[in-house]
Amino acid sequence: MTYLDAIRQGIWEEMERDPSVFLLGEDIGAYGGAFKVTAGLLEKFGETRVIDTPISESAIVGAAVGAALAGLRPVAEMQFMDFIACGFDQIVNMAAKIHYRWGPAVPIVIRGPSGAGVHGGPFHSQSNEMWFVHTPGLKVVMPATAYDAKGLIKASIRDDNPVMFFEHKFLYRRIKEEVPEDDYIVPLGKAAVRREGLDIAVITYGAMVWTALEAAAELEKEGLSLEVVDLRTLLPYDEDAVLASVRKCSKVILLHEDTRTGGMAGELAALIAEEAFEDLDGPIVRVTAPDTPVPFSPPMEEYFLPNAQKVVLAARRLAAY
Amino acid sequence: MTKLTRQQLHDLYYYLRLNRRVDEQLVSLYRQGKVVGGVYSGLGQEAISVGSAYALEPQDFISPVIRNAGAMIIRGFRPRDLFLQYMGRRDGPTGGRDANTHFGDLARGVVAPISMLGETVSVAAGIALAAKIKKEKRVAVAYVGDGATSTGPFHEGMNLAAVQKLPLLIVGENNGWAYSTPVEKQMAVGSMAERAKAYGIRAVTVDGNDVLAVYQATRAATGRMRKGGGPEMVECLTMRMKGHAEHDDARYVPPKVFEKWRKRDPILLFEKYLAAKKLMTAQQKSAIEERIEREIREDVAFAEASPFPDGANARGGVYSKN
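Computed from a prediction, not measured in an experiment: that's the story for all the values here.

Calculation criteria
- Residues numbered from 1 in each chain as written.
- Chains lettered and ligands numbered in written order.
- Predicted model: local features only at pLDDT ≥ 70, side-chain atom pairs only at ≥ 80, totals over all residues.
- Heavy atoms only, no water.
- Contact = heavy atoms within 4.5 Å.
- Buried area = accessible area lost by both parts, 1.4 Å probe.
- Salt bridge = Lys/Arg side-chain N within 4 Å of Asp/Glu carboxyl O.
- Helix = DSSP H or I, 4+ residues; strand = E, 2+ residues; numbered from the N terminus.
- Nonpolar A, V, L, I, M, F, W, Y, C, P; charged D, E, K, R; others polar.
- Pairing = 2+ DSSP bridges.
- Axes fitted to C-alpha atoms, helices over the stretch in contact; angles between N-to-C directions.
- Core = buried A, V, L, I, M, F, W, Y, C linked by side-chain atoms within 4.5 Å.
- Buried < 20%, exposed > 50% of the residue type's maximum accessible area, 1.4 Å probe, protein only.
- Domains from an automatic or database assignment.
- Parallel < 35°, antiparallel > 145°, perpendicular 65-115°, else oblique.
- Expected span 1.5 Å × (residues − 1).
- Polar contact = N/O pair within 3.5 Å; in protein donor to acceptor, adjacent residues only side chain to side chain.
- Right-handed = clockwise from strand over helix to strand, strands pointing away.

Student: So what exactly am I meant to see when it comes to the interface of chain B and chain A here?
Tutor: Accessible area lost when the parts come together is the quantity often used to give the size of an interface. The interface is formed by 40 residues belonging to chain B together with 38 residues belonging to chain A. Note on chain B versus chain A: buried area summed over both sides is about 3300 Å², and carbon and sulfur give 62% of it. Connecting chain B to chain A are 1 salt bridge. Listed by contribution, the elements that provide at least two residues to the side of chain B that touches chain A are α5 (119-133) and α6 (152-163) of chain B. Looking at the side of chain B that touches chain A element by element, the count peaks at 9 residues for α5 of chain B. Broken down by class, the residue content of the side of chain B that touches chain A amounts to 18 nonpolar, 14 polar and 8 charged.

Structure follows, in structure tokens:
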């Protein structure tokens, strides 16, 4: 099953299990969504539970908030996570602050494709998860595997808080694995060690998990052992898992596809410096995209994106420190 | 037209006067330095909050904005809730986490306002959408001012409600001014109703200082919605009789505008109506006034006795458990 099919199956199961779950978004009904994540759901659940909306991201999120206040569990699709900027206020000022201000739960999921690698250019490729990681009241989730994609979307739908669910469009059809038909969830806030290692911990998430694993396979031939930690949830993130790997390896690379300044790596570096300073045997190293918009043309996008080779080079330098 | 009983008319009078007294009391607390931040008065606009909210049913939802204290009181909040909120006290509905009318309660069908105007239109549309999905006879009411109708979220919310034929009532408060900006600099079409009609939303314009006109228009619109009709707007023409908040002396408003509207004060108009139709005795009127004074006195005392919250209460409550 692909990563994309796993998301669909997770949504499907939750809609079957709980009649209060419904979907809204642009072109998600008869068309099945721009990437076909919601294909077949209209036929199965009907148009009261799979609602095509106008091109109005603010209204999509706002209506999801209202429906959640009235007892439903909406799952709103952003056609591309880049477009979420148009609904930003409803997320950061409305949804994220309601529980803190006056108490009600706001069980909404806002999901959609993010990330680069498909030549989408500046408006269809961004990794904008950090806009939301800096907003208390939200949860931010980013699966790397098909198993997690299903388990995390189900956990997100069941969560009583607004959850930003970042799917990686590069992984949609490239990741295929056995995914159980059973009802299971992957709990939010828990990282996973994707590969055990001894020399350098690579803390990452999303598509970069696969990049890190590719680098680890190559470096193994040189006798360098990388541990790969997949955060899975960025807010709240699994501090214990991060610190455990850092303490074990004593050297750490923080890897993400997002741009450098203000990225997740900066937050993790601060945590490690505060909590595991004595455990470090080398500088904290970041491998990230540069601070630019995502460029369109293939050679430029390739230059922009972190890849296994960049991780390998960084790891060799760090190992020699 | 819905026929109102004498008791209902007295209720309306009570709420109008109570709304006014709450505002006056807040100004007094502000001048005593007890209010944290500003006071946003609904002076002169009470008939809109009161007439519309009084026309609703218990299962309905309202999404008020800052000048709709009257509507919130009709939904079951008390003056003390406003005093506590404005003074940032521990026992207020948000426990000091937010200010002024920024509070709500799902059990009372009140969505807490936020400062970004227009955003609540689609939230109210979402409540109406849930009613449609669950086949409940519930309407959602979003209050918006003339200024809010210039925001993108207002248009997106209106359009979504229209396309989905949602039971959403927009109570438009055209009070002539958005902070210091007059309505003619806010929109070229001249009325909020015109904007609604552009989305295929039925809209009427009524005298917002006539509580009965607001009540009847709300009652008629929500009645159609309960039978499956789509969204509507009731545009209420009124005047904001103060500045944006207490700090603002509104010198940008020509004095003759205030003079003209002062003669059309909603409480004055309603008193004249009740007197002309002999619907309220002098005794009944003074009993209502006494009741209000007692309630205000008790609630001010309660609010002033409430301590400030512990600073550490800033933490916690960011996430719902589960």
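Student: What should I look at first to understand the sheet that holds strand β5 (residues 139-141) of chain A in this one?
Tutor: Sheets are built from strands paired through backbone hydrogen bonds, the pairs being either parallel or antiparallel. All names here are of chain A. With mixed pairing, the 7 strands of this open sheet are ordered in space as β2-β1-β3-β4-β6-β5-β10. Lying at the two open borders of the sheet, with one neighbouring strand each, are β2 (50-52) and β10 (233-235). Here the average twist between neighbouring strands, direction ignored, is 20°. Of the strand pairs in this sheet, strand β4 (residues 109-114) and strand β6 (residues 163-168) are connected by 6 bridges, and their pairing is parallel. By the bridge assignment for β6, Ile110 is matched with Met164. With respect to the sheet, helix α3 (residues 57-69) is in contact with β1 (21-25), β3 (73-77) and β4, its orientation differing from that of β1 by roughly 165°.

Student: Hey, could you run me through the sheet that holds strand β9 (residues 226-230) of chain A in this one?
Tutor: Residue and element names in this part refer to chain A. Judged by pairing direction, the sheet is mixed, and its 5 strands sit side by side in the order β7-β9-β8-β11-β12 without closing on themselves. The open sheet terminates on both sides in strands that have one partner only, identified here as β7 (192-195) and β12 (285-289). Along the sheet, successive strands turn relative to each other by an average axial angle of 25°, direction set aside. Its contacts with the sheet put helix α9 (residues 264-275) on β8 (200-204), β11 (252-259) and β12, and the angle it makes with β11 is roughly 155°.

Student: What's the story with the nonpolar core in this structure? I'm lost.
Tutor: Side chains that are nonpolar tend, in soluble globular proteins, to be buried together. In terms of nonpolar packing, the biggest core is built from 93 residues, with Val65 of chain A together with Leu168 of chain B touching the most fellow members. Residue-level mapping places this core at the junction of two domains, with at least three residues from each of domain 1 (3-168) and domain 2 (192-320) of chain A. Excluding residues within four positions of it along the chain, Leu168 of chain B makes contact with Val121, Ala124, Ala125, Ala128, Ala140, Ala142, Ala161, Met225, Pro231 and Glu232 of chain B. Counting residues in each nonpolar core, the second largest holds 61 residues, with Tyr14, Tyr15, Leu26 and Ala69 of chain B among its members.

Student: So what exactly am I meant to see when it comes to the packing of helix α4 (residues 88-102) of chain A against α5 of chain B here?
Tutor: Helix-helix packing: each pair is described by the crossing angle between the helix axes and the interaxial distance. Contact pair α4 of chain A / α5 of chain B: the axes reach a minimum separation of 11 Å and the direction vectors enclose 80°. The angle between α4 of chain A and α5 of chain B places the two elements in the roughly perpendicular class. Along the contact surface, α4 of chain A presents Asp89, Gln90 and Met94 of chain A, while α5 of chain B presents Glu119, Thr120, Ser122 and Val123 of chain B. Across the contact of α4 of chain A with α5 of chain B, the residue classes tally to 2 nonpolar, 3 polar and 2 charged.

Student: Can you walk me through helix α9 (residues 211-226) of chain B in this structure?
Tutor: Each α-helix turn comprises 3.6 residues. Residues three or four places apart therefore point the same way. Residue and element names in this part refer to chain B. Its 16 residues give α9 an end-to-end C-alpha distance of 22 Å, which sits within 8% of 22 Å, the value for a rise of 1.5 Å per residue. For α9, the N-terminal cap is Asp210; the gap from its side-chain oxygen to the backbone nitrogen of Leu212 is 3.0 Å. Of the residues flanking the end of α9, it is Gly228, one or two places downstream, whose phi is positive at about 100°.

Student: What should I look at first to understand the domain arrangement of chain A in this one?
Tutor: Residue and element names in this part refer to chain A. Annotation of chain A at the domain level lists domain 1 (3-168) and domain 2 (192-320). Here domain 1 and domain 2 have C-alpha centroids that lie 27 Å from each other. On the domain 2 side, the residues contacting the 27 residues of domain 1 number 23 residues. Carbon and sulfur atoms make up 60% of the area that domain 1 and domain 2 hide from each other, which totals about 2000 Å². Considering only the surface of domain 1 that becomes buried against domain 2, His119, Met130 and Ala144 emerge as the three largest contributors, covering 26% of it. Joining domain 1 to domain 2, the criterion identifies 2 salt bridges. Close ionic contact of Asp148 with Arg194 constitutes a salt bridge, the shortest N to O distance being 2.4 Å. Scanning the region where domain 1 abuts domain 2 turns up 11 residue pairs in polar contact (both at pLDDT 80 or more). Class assignment for the residues of the side of domain 1 that touches domain 2 results in 13 nonpolar, 11 polar and 3 charged.

Student: I'm lost on the pairing of β6 of chain A in this one. Help?
Tutor: Moving residue by residue along a regular strand, the side chains alternate between the two faces of the sheet. All names here are of chain A. Counting buried residues along β6, 6 of its 6 residues qualify, which places the element largely inside the surrounding structure. Burial of the side chains of β6 extends over both faces: Val163, Phe165 and Glu167 are buried on one face and Met164, Phe166 and His168 on the other. With 3 bridges connecting them, β5 and β6 associate as parallel partners. The partner of Val141 across the bridge, within β6, is Phe165. Following the backbone out of β5, through helix α6 (residues 146-158) and into the adjacent parallel β6, one traces a crossover that is right-handed.

Student: What exactly am I supposed to notice about the environment of Thr222 of chain B here?
Tutor: Residue and element names in this part refer to chain B. With respect to the helices and strands, the residue Thr222 is situated in helix α9. Accessibility expressed as a relative area gives 1% for Thr222, which makes it buried. With 10 residues separating them in the primary sequence, Thr222 and Glu232 have C-alpha atoms 8.4 Å apart. The residues touching Thr222, leaving out its near neighbours within four places in the chain, are Ala55, Leu56, Val139 and Leu169.

Student: Help me out: how do you make sense of the pattern of salt bridges in this one?
Tutor: One side chain can pair with another of opposite charge once the charged atoms of both are near each other. Inspection of every chain in the model, using the stated rule, returns 45 salt bridges over all chains. Among the salt bridges present, the one from Asp60 of chain B reaches Arg226 of chain B, with a minimum N-O distance of 2.6 Å. On the criterion of sequence distance, the pair formed by Asp60 of chain B in the loop between α2 (46-54) and β1 (61-63) and Arg226 of chain B in helix α9 is long-range, its members being 166 residues apart. Considered together, Asp60 of chain B and Arg226 of chain B belong to a single accessibility category, that of buried residues. Through salt bridges that share partners, Glu13, Glu14, Arg17, Lys150, Lys154, Arg158 and Asp183 of chain A make up one connected network.

Student: Sorry if this is basic, but what is going on with the side chain of Arg21 of chain B here?
Tutor: Looking at the element boundaries, Arg21 of chain B is found in helix α1 (residues 6-31). In contact with Arg21 of chain B, other than residues within four places in its own chain, are Ile292, Glu293 and Ile296 of chain B.

Student: Explanation requested: the environment of Val287 of chain A in the structure shown.
Tutor: Residues and elements named next belong to chain A. Mapped onto the elements, Val287 comes out in strand β12. A sequence separation of 42 residues divides Val287 from Ser245, and the C-alpha atoms of the two residues are 17 Å apart. Here Val287 is in contact with Ile253, Leu254, Leu255, His256, Pro306, Lys310, Val311 and Ala314, once residues within four sequence places are set aside.

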